[in-house]
Amino acid sequence: MKKISIGNKLYFSVLSVFILFAAAFIVFQQTREKQYKTDRLNMQLQDYNARMAEAMHYMRPMSEDALDLYVRRHAMPELRVTIINRLGKVIYDSRLKSYTSLPDHSTRPEVQTALSMGSGYTVERNSTTLNDYFFYSATYFKDKGLVVRSALPYDDNLAESLRADQHYIWFALSAVALLTLILYRFTSRLGDNINKLRLFASRADHGESLDTEDLVAFPDDELGEIAEKIIKIYKRLQTTRKEQDELKRQLTQNIAHELKTPVASIQGYLETILSNPRIDEPTRQQFLQRCFAQSQRLTALLTDISTLNRLDDAPGLIEFGDVDIAAIIAAISKETALQLKAKHMAFVCDLPQAMPVNGSHSLLYSIFRNLTDNAIAYAGDSTTITISATDGGDAWLFMFCDNGIGVSAEHLPRLFERFYRIDKGRSRKMGGTGLGLAIVKNAVLLHGGTIAASNLPTGGLCFKFSITKGGRSTDGTA
């Protein structure tokens, strides 16, 4: 069985509530207006009763002829007037000439109410005396001990005058019809949006294409805008996921390629040694040294990959503590002294004596060690490495520069990409893993900073970056 859409459910639910409200309003209005007209007619008759009682006060004597004369002069068309004493005996009736034999009228509803409440009326009650229907209104005058009751025949004319006005019924029906159209238009647009979202969800669940005409145009309203944005966000996520998958594939290929080279070298040297048991000792020693060098390169690559994986997958688990950056840089200067001396390079530091931060000692060490190793490897002989820092309040601001050959402008935006090399042959010959600057960037980001590379006007490469004093980035990621 086909399910009823949420748009139709909403449409019929709201329409049903409004129709019930309209019906209740019509019934209430009819009852209220009829009661108003009834009360107004009763007030007119009560007023007549009061005026007649006042006239009776001046009748000397109060005779049947005098009462008939008053009724003829002041009566409404077809008005019937009856006077009853407190015991229920009729002492006058304008429609009858002989009423001495009439039964006790104290049992009549309007008379009973008048005797107890002062006034009363009855709508469309059959008269047992005249065998006709009347609208009765009775008033009890206690000082006279009399009930004056006036009555009008309840004929078609009186019934029509008491009937409620029908114009508001047509107004209510018109309002229902108008609301039906407006509600249908609204729920139709709502249903279109929901159907598109359902179609989108179905296609997304089955991996079908979302670039179709039925998922392009949405109604111009808030829900349509939200639905369109949901689909756009999903498409963007799909695109990002595809890009990430492509990056992972390229990264896997790069890792496999980088691992293949040292493994192949180690395997080649060991195979040569094993296949030539009589190889001379100097040659054997040379091959073993080369195997060791390649194993060191392999170890460095695996270490760098492990570091990047930690930065990507679990940055929140990296321990932070009190670290002095000035002490780290001083230690790196001592560790690289022999390498700098071999290439006739200078290492100049313009730093405060102490630079305390809350950070990861190993990652902060990796930032400055990788930048130093990078400068030693590529700046060139007889160059100078300069590092300076200023206090930026919440962060330390660094400039790590050399006066070497610099980098071509087209390579600057990609320096921090993993396994990106300007000169692949030279980089591998230098023993680099291609991950040093990627580690630098991610470690800086983890410490709440930013980094950028640029060429100096006088020549050489300069890295400008910051490291917050308070700790990791606000989102805890690199």
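For clarity, every value in this text was computed on a predicted model and none was experimentally measured. (Residues numbered from 1 in each chain as written. Predicted model: local features only at pLDDT ≥ 70, side-chain atom pairs only at ≥ 80, totals over all residues. Heavy atoms only, no water.)

S.K.: Which residues make up the pattern of salt bridges, and what values do they have?
M.R.: Enumeration according to the criterion identifies 10 salt bridges in this entry. Ionic pairing is found between Arg-51 and Asp-47, a salt bridge with its closest N-O pair at 3.1 Å. Of the two residues, Arg-51 and Asp-47 both sit in helix α1 (residues 6–58), 4 residues apart, roughly one turn of that helix. The salt bridge partner of Asp-143 is Lys-144, with a shortest N-O separation of 3.8 Å. What makes Asp-143 exposed here is its relative accessible area of 69%. Judged by its relative accessible area of 32%, Lys-144 is partly exposed. Taken together, the shared-partner salt bridges in this structure form one network comprising Glu-335, Arg-369 and Asp-373. (Salt bridge = Lys/Arg side-chain N within 4 Å of Asp/Glu carboxyl O. Helix = DSSP H or I, 4+ residues; strand = E, 2+ residues; numbered from the N terminus. Buried < 20%, exposed > 50% of the residue type's maximum accessible area, 1.4 Å probe, protein only.)

S.K.: Requested: an account of a nonpolar patch on the surface, with residues and values cited.
M.R.: A grouping of Leu-10, Val-14 and Phe-186 is seen on the molecular surface, where their side chains present a nonpolar patch of about 240 Å² in accessible area. Here Leu-10 lies in helix α1. For Leu-10, a relative accessible area of 32% corresponds to the partly exposed category. (Patch = residues over 30% accessible without salt bridge, like charges linked within 9 Å, V, L, I, M, F, W, Y side chains within 5 Å. Areas by Shrake-Rupley, 256 points an atom, 1.4 Å probe, with all protein chains shown as cover.)

S.K.: Tell me what's going on with a negative patch on the surface, and back it up with residues and numbers.
M.R.: Among the surface-exposed residues, Glu-78, Asp-132, Asp-155 and Asp-156 lie close enough to one another that they form a single negatively charged patch. With respect to the helices and strands, the residue Asp-132 is situated in strand β4 (residues 132–141). Exposure remark for Asp-132: the relative accessible area of 37% places this residue in the partly exposed category. (Lys, Arg positive; Asp, Glu negative; His and termini not counted. Charge placed at Lys NZ, Arg CZ, Asp CG, Glu CD.)

S.K.: Hey, could you go over the packing of helix α8 (residues 325–335) against helix α10 (residues 361–378) for me, with residue numbers and the actual values?
M.R.: The contact between α8 and α10 brings their axes to 10 Å, and the two run at 45°. Here α8 lies oblique to α10, going by the angle between them. Judged by the twist between their axes, the crossing of α8 over α10 is right-handed. Contacts from Ile-325, Ile-328, Ile-329, Ile-332 and Glu-335 in α8 reach His-361, Leu-364, Tyr-365, Phe-368, Arg-369 and Thr-372 in α10. For the contact of α8 with α10, a count of residues per class yields 7 nonpolar, 2 polar and 2 charged. (Axes fitted to C-alpha atoms, helices over the stretch in contact; angles between N-to-C directions. Parallel < 35°, antiparallel > 145°, perpendicular 65-115°, else oblique. Left-handed = near helix turned anticlockwise from the far one by under 90°. Contact = heavy atoms within 4.5 Å. Nonpolar A, V, L, I, M, F, W, Y, C, P; charged D, E, K, R; others polar.)

S.K.: Describe the confidence of the model for the chain, naming the residues involved and giving the relevant values.
M.R.: Here the chain averages 80 in pLDDT, while 81% of its residues score no lower than 70. The low-confidence segment residues 425–430 (pLDDT under 50) makes 12 contacts with residues lying over four places distant or belonging to another chain. (pLDDT = per-residue confidence, 0-100.)

S.K.: Help me get a handle on the nonpolar core, residues and values and all.
M.R.: One finds Ile-325, Ile-367, Phe-368, Phe-398, Phe-400, Phe-463 and Phe-465 to be the most contacted residues of the largest nonpolar core, which totals 41 residues. Among the elements of the structure, α8, α10, β9 (384–391), β10 (395–402), α12 (436–446), β11 (451–455) and β12 (461–468) are those that each provide at least two residues to this core. The element contributing the most residues to this core is α10, with 7 residues. The residues contacting Phe-398, other than those within four sequence positions of it, are Ile-325, Ile-329, Met-355, Phe-368, Ser-388, Ala-389, Phe-463, Lys-464, Phe-465 and Ile-467. Ala-55, Leu-67, Leu-102 and Tyr-154 belong to the second largest nonpolar core, which has 34 residues in total. (Core = buried A, V, L, I, M, F, W, Y, C linked by side-chain atoms within 4.5 Å.)

S.K.: Residues and numbers for α10, please.
M.R.: Here α10 is 18 residues long and its end C-alpha atoms lie 26 Å apart, about the 26 Å a rise of 1.5 Å per residue gives. By the criterion of burial, α10 is predominantly enclosed, with 13 of the 18 residues buried. Where α10 ends, the next residue or the one after it, Gly-380, has phi of about 110°, a positive value. (Expected span 1.5 Å × (residues − 1).)

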